[in-house]
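Notes for the structure review
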Amino acid sequence: IRDRIQGGQVTVTRGGTTHSFSLSTHLVLEIMVNTLRSLLSGDLATIESEFSITVDADNRSWKMVLVPEKAAVLEEIKSVVIEGTGGVIRQYTITERNGDYSVTSLHDEDSI
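These remarks concern the structure in this document. If you're wondering where the values come from, they're calculated on a predicted model, not measured in any experiment. Per chain, residues are indexed from 1 in the order of the written sequence. For a predicted model such as this one, the threshold for reporting local features is a pLDDT of at least 70, and the threshold for listing and counting side-chain atom pairs is 80 or more; totals across whole chains, interfaces and linings nevertheless cover every residue. As a rule here, side-chain values come from all non-hydrogen atoms in the structure, and water together with hydrogens is ignored.

**Observations concerning the layout of surface pockets**
The rolling of a water-molecule-sized probe over the atoms marks out the regions of remaining empty space. Grid points spaced at 1 Å over the protein atoms alone were grouped into cavities, where a 1.4 Å probe fits but cannot get out, and pockets, open sets with protein on both sides within 12 Å along at least five of seven lines, with lining residues defined by an atom within 4 Å of a point. Grid points are joined across faces, edges and corners, and a volume is the space filled by probe spheres set on the points. Considered as a void within the structure, the largest pocket measures approximately 170 Å³ in volume. Asp3, Ile5, Leu29, Met32, Val33, Leu36 and Arg37 are the residues that line the largest pocket. In DSSP terms, a helix is any run of H or I states spanning at least four residues, a strand is any run of E spanning at least two, and both are numbered starting from the N terminus. Secondary-structure elements contributing two or more residues to the lining of the largest pocket are β1 (2–6) and α1 (27–41). The dominant element in the lining of the largest pocket, judged by the number of residues it contributes, is α1, at five residues. Per-class residue counts for the lining of the largest pocket are five nonpolar, no polar and two charged. Polar here means any residue other than Ala, Val, Leu, Ile, Met, Phe, Trp, Tyr, Cys and Pro, which are nonpolar, and Asp, Glu, Lys and Arg, which are charged; Gly is therefore polar.

**Focus: the nonpolar core**
Side-chain atoms within 4.5 Å link the members of a nonpolar core, which is a set of buried Ala, Val, Leu, Ile, Met, Phe, Trp, Tyr and Cys residues. Only protein chains enter the area calculation, which uses a 1.4 Å probe; residues under 20% of their type maximum are buried, those over 50% are exposed, and those in between are partly exposed. With 16 residues, the main nonpolar core has Leu66, Ile77, Val80, Ile82, Tyr92 and Ile94 as its most contacted residues. Among the secondary structure elements, those contributing two or more residues to this core are α1, β5 (62–68), β6 (77–85) and β7 (88–96). If one sorts the elements of this core by residue count, α1 sits on top with four residues. Contact definition: two residues touch when any of their heavy atoms are within 4.5 Å. Beyond its immediate chain neighbours, meaning those up to four positions away, isoleucine 77 contacts Leu27, Val28, Ile31, Pro68, Ile94, Thr95, Glu96 and Arg97.

**Some remarks on the sheet that holds strand β2 (residues 9–14)**
With respect to topology, three strands assemble into an open sheet ordered β1-β2-β3, the strand pairing being antiparallel. Looking along the sheet, the strands with just one partner apiece sit at the ends: β1 and β3 (17–22). With direction set aside, neighbouring strand axes in the sheet form an average angle of 15°. As judged from the five bridges shared by β1 and β2, these two strands associate in the antiparallel manner. Bridging from a neighbouring strand, aspartate 3 pairs with valine 12 of β2. Here the axes come from fitting lines to C-alpha atoms, over the contacting stretch only for helices, and the angles between their N-to-C directions go from 0 to 180 degrees. Sheet strands in contact with α1 are β1, β2 and β3, and its direction is about 65° off that of β1. At least two bridges found by DSSP between two strands are what make those strands a pair.

**Some remarks on a nonpolar patch on the surface**
Two joining distances apply to patches: 9 Å for like charges and 5 Å for nonpolar side chains (Val, Leu, Ile, Met, Phe, Trp, Tyr), and every residue must have over 30% relative accessible area and no salt bridge. Working definition of accessibility: Shrake-Rupley area with a 1.4 Å probe, residue cover restricted to the visible protein chains. A pairing counts as a salt bridge when a side-chain nitrogen of Lys or Arg comes within 4 Å of a carboxyl oxygen of Asp or Glu. A cluster of nonpolar side chains, contributed by Leu44, Ile53 and Val55, occupies part of the molecular surface with about 240 Å² of accessible area. By secondary structure assignment, the location of isoleucine 53 is in strand β4 (residues 51–57). Look at isoleucine 53 and you get partly exposed, because its relative accessible area is 30%.

**Section: the pairing of strand β8 (residues 101–105)**
When β7 meets β8, the two strands line up antiparallel, connected through five bridges. Opposite glutamine 91, over in β8, you have serine 105 as the bridge partner. In this structure, the hairpin formed by β7 and β8 is closed by a connection of four residues, where glycine 99 is found at a positive phi of approximately 100°.

Spelled out as structure tokens, the structure:
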């Protein structure tokens, strides 16, 4: 199994079969990728232009809750929650308006 996102193109390989599609055809995936790209590059201005932001932090961990500002996105996505420790993102959860959600856990390659 291999998934690759490069620019706006997604390539998925499963069992030797490869499928490609435009990221823009899947709103939830597009929001996830663009938000992570903005976070990792330190582009807070882009995140602030797309979401209302609430941050909760203590000495060990933090949680950032993002709620879409645009009505068209809010129809699909209820929230994006990013959790981490220090400067490291550990978990990323997108909750869709219909109650579905996806959780992505990020780990050091050595710990897998």
